[in-house]
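Each chain is listed here by its residues.
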Amino acid sequence: MTFSEKGQTTMTADPDKTVGAAVRRLRKQFGWGQRDLADRAGLGHAQTVSEIEKGGRSLKASEVVRLAELFHVSANDLLVGRVPNQKQSVLWREPDSSP
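What counts, and where the lines are drawn
- Residues numbered from 1 in each chain as written.
- Predicted model: local features only at pLDDT ≥ 70, side-chain atom pairs only at ≥ 80, totals over all residues.
- Heavy atoms only, no water.
- Salt bridge = Lys/Arg side-chain N within 4 Å of Asp/Glu carboxyl O.
- Helix = DSSP H or I, 4+ residues; strand = E, 2+ residues; numbered from the N terminus.
- Buried < 20%, exposed > 50% of the residue type's maximum accessible area, 1.4 Å probe, protein only.

Structural notes on the pattern of salt bridges
Opposite charge on two side chains allows them to pair when their charged atoms are near. All told, the structure shown has seven salt bridges when counted by the stated rule. The closest approach of N and O atoms between E53 and R24, which form a salt bridge, is 3.8 Å. One end of the pair, E53, is in helix α3 (residues 46-54); the other, R24, is in helix α1 (residues 15-29), with 29 residues separating them in the sequence. Judged by its relative accessible area of 4%, E53 is buried. R35 is paired through a salt bridge with D39; the nearest N and O atoms lie 2.5 Å apart. Taken together, the positions of R35 and D39, both in helix α2 (residues 34-41) and four residues apart, correspond to about one turn of that helix. Using a relative accessible area of 38% as the deciding quantity, one classes R35 as partly exposed. Each of R24, R27 and E53 takes part in a single network of salt bridges with overlapping partners.

Here's what the structure looks like:
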């Protein structure tokens, strides 16, 4: 719950659920299972990822940074649930070997 400048009460989404939904969306975009993400992010267990995605577990600052790095998004974007609709990729071509 937050208060506007006029003193009106407004409801805001649960921050843990916002982050959790973003983590779930990004994990699926990358084609990773919960176990894959747990291993890559050093979270220990797939159950930990499940709890994060359901909004049942808050992230430590270091975990936010690590997840943002893994997903190639800013920590701020992850925290507010602002994530790209699809995995970003880098395109390149092999150097031309002809003289």
